[in-house]
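Observations on the three-dimensional arrangement
The chain contents come next:
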Amino acid sequence: MTDRKDEIARNLAQVEERIAAACAAAGRSRDEVTLIVVTKTYPAADVRVLAEFGVRHVAENRDQEAAPKAAECADLPLRWHFVGQLQTNKVRSVVGYADVVQSVDRPRLVTALSKEAVRAGREVGCLIQVALDAGESGRGERGGVAPEGIEELADLVARSEGLRLDGLMTVAPLTGQYAGRQRAAFDRLMDLSTDLRRGHPAATMVSAGMSADLEHAVAAGATHVRVGTAVLGVRPRLG
Ligand SMILES: *Cc1c(COP(=O)(O)O)cnc(C)c1O
């Protein structure tokens, strides 16, 4: 094995151990949690190695980087998640490879996604990104909609052609009442998911937790964790 392959294998095994331990501690079955490896800033060659080691879900946050990478990896049995702030002018490209867009946070984006999904003859899964630190504007600094805005957006996704409402996503806030309180933040997301599922029973995905806080997310009940650094290493630049 090459050094890089060896490094990824070791990291992946460690992350797998962490997820398994967190599931056991929470009394959850390991298969209730899906690992999504965030591959931003890392090359297609790493994605190939991940697929070889059994990873089936990868995530990217910038279309400019993701589009060519996904094209290079089109032969692999992977599902691509888009997790970054998404401008409407990138939607056509993103719909070309993304199976799930986790950063749905405004009506204009839903309209654009629906139009392009229909045009491409695809069904795109959508998660509403929740900003637990949203200010007066009702929006988070790193994207996301305030909890009060979830229902309207979810209803819009649910009745939009070409889109499938899959659930909720959040990033633990760095500011506001949840700063440094990941478990409380993820518990709040779970409550919001329970509310959402009353009207949309199939929207069961709860995407929360990253390298630093995946245990909190699993404890709270997340169904998907998004892990970059712990699998691929510290990114050379902010991605
Ligand atoms: C980069 C990123 C992650 C992964 O973060 P790590 O700390 O590297 O595990 C998860 N979610 C989103 C939305 C990201 O942009």
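Contacts to the ligand come from V38, K40, V83, M210, S211, R226, V227, G228, T229 and R235. K40 has a polar side-chain atom sitting 2.7 Å from an oxygen atom of the ligand. G228 is positioned with one of its backbone polar atoms (N or O) 2.8 Å from an oxygen atom of the ligand. In isolation the ligand has 390 Å² of accessible area, and contact with the protein removes 88% of it. Looking at side-chain class alone, the shell around the ligand contains four nonpolar, three polar and three charged residues.

Within the fold, A208 resides in the loop between β7 (205-207) and α8 (214-220). With a relative accessible area of 1%, A208 lands in the buried category. Sequence separation of A208 and P107 is 101 residues, and the distance between their C-alpha atoms is 22 Å. Not counting chain neighbours up to four residues away, the residues in contact with A208 comprise T170, F186, L189, A217, A222, H224, V225 and R226.

Considering all chains together, one arrives at 20 salt bridges under this definition. Two residues, D166 and R164, come together in a salt bridge whose shortest N-O distance is 2.8 Å. Using a relative accessible area of 11% as the deciding quantity, one classes D166 as buried. For R164, a relative accessible area of 26% puts it in the partly exposed group. Among the charged side chains, a salt-bridge network with shared partners connects E60, R62, E65 and K69.

By size, the foremost hydrophobic cluster in this structure holds 71 residues, and its most contacted members are V101, L113, I128 and V225. Sequence-distant contacts of V225, that is, excluding residues within four places in its chain, are made with I19, V33, T34, L35, I36, A208, G209, L214, A217 and V218. With eight residues, the next largest nonpolar core counts V38, V83, M169 and M205 among its residues.

Both faces of strand β2 (residues 57-60) are covered, namely the face carrying H57 and A59 and the face carrying V58 and E60. By the bridge criterion, two bridges tie strand β1 (residues 34-38) to β2 in an arrangement that is parallel. Its bridge partner being in β2, V38 is matched across the sheet by A59. Handedness of the crossover joining β1 and β2 through helix α2 (residues 44-52): right-handed.

Before going further, it helps to spend a moment on helix α1 (residues 3-26). Residues lying three or four places apart along an α-helix face the same way, a consequence of the helix completing one turn every 3.6 residues. If you check α1, its first and last C-alpha atoms are 35 Å apart, about what 24 residues at 1.5 Å a residue would give, namely 34 Å. Close packing links the buried residues of α1 with β1, α2, α8, β8 (224-227) and α9 (229-232). Phi turns positive, to about 70°, at G27, one or two residues after α1.

With that settled, the discussion passes to the packing of α1 against α2. Direction vectors running N to C along α1 and α2 enclose 55°, while the axes themselves pass 10 Å from each other. By the angle class used here, α1 and α2 are oblique. At the point where α1 passes α2, the crossing takes the right-handed sense. Seen from α1, the contacting residues are R4, K5, I8 and L12; seen from α2, they are D46, V49, L50 and E52.

Inspection of the secondary structure assignment puts Q129 in strand β5 (residues 124-130). Classification of Q129 as buried rests on a relative accessible area of 5%.

In the case of a regular strand, side chains alternate between the two sheet surfaces. The buried fraction of strand β6 (residues 163-170) is high, at seven of eight residues. In this sheet, β7 lies alongside β6 in parallel orientation, the contact comprising three bridges. Its bridge partner lying in β7, L168 is registered against V206. After leaving β6, the chain enters helix α7 (residues 182-199) and then returns to the sheet as β7, a path that is right-handed.

Procedures and definitions
- Residues numbered from 1 in each chain as written.
- Predicted model: local features only at pLDDT ≥ 70, side-chain atom pairs only at ≥ 80, totals over all residues.
- Heavy atoms only, no water.
- Near = heavy atom within 4 Å.
- Polar contact = N/O pair within 3.5 Å; in protein donor to acceptor, adjacent residues only side chain to side chain.
- Areas by Shrake-Rupley, 256 points an atom, 1.4 Å probe, with all protein chains shown as cover.
- Nonpolar A, V, L, I, M, F, W, Y, C, P; charged D, E, K, R; others polar.
- Helix = DSSP H or I, 4+ residues; strand = E, 2+ residues; numbered from the N terminus.
- Buried < 20%, exposed > 50% of the residue type's maximum accessible area, 1.4 Å probe, protein only.
- Contact = heavy atoms within 4.5 Å.
- Salt bridge = Lys/Arg side-chain N within 4 Å of Asp/Glu carboxyl O.
- Core = buried A, V, L, I, M, F, W, Y, C linked by side-chain atoms within 4.5 Å.
- Pairing = 2+ DSSP bridges.
- Right-handed = clockwise from strand over helix to strand, strands pointing away.
- Expected span 1.5 Å × (residues − 1).
- Axes fitted to C-alpha atoms, helices over the stretch in contact; angles between N-to-C directions.
- Parallel < 35°, antiparallel > 145°, perpendicular 65-115°, else oblique.
- Left-handed = near helix turned anticlockwise from the far one by under 90°.

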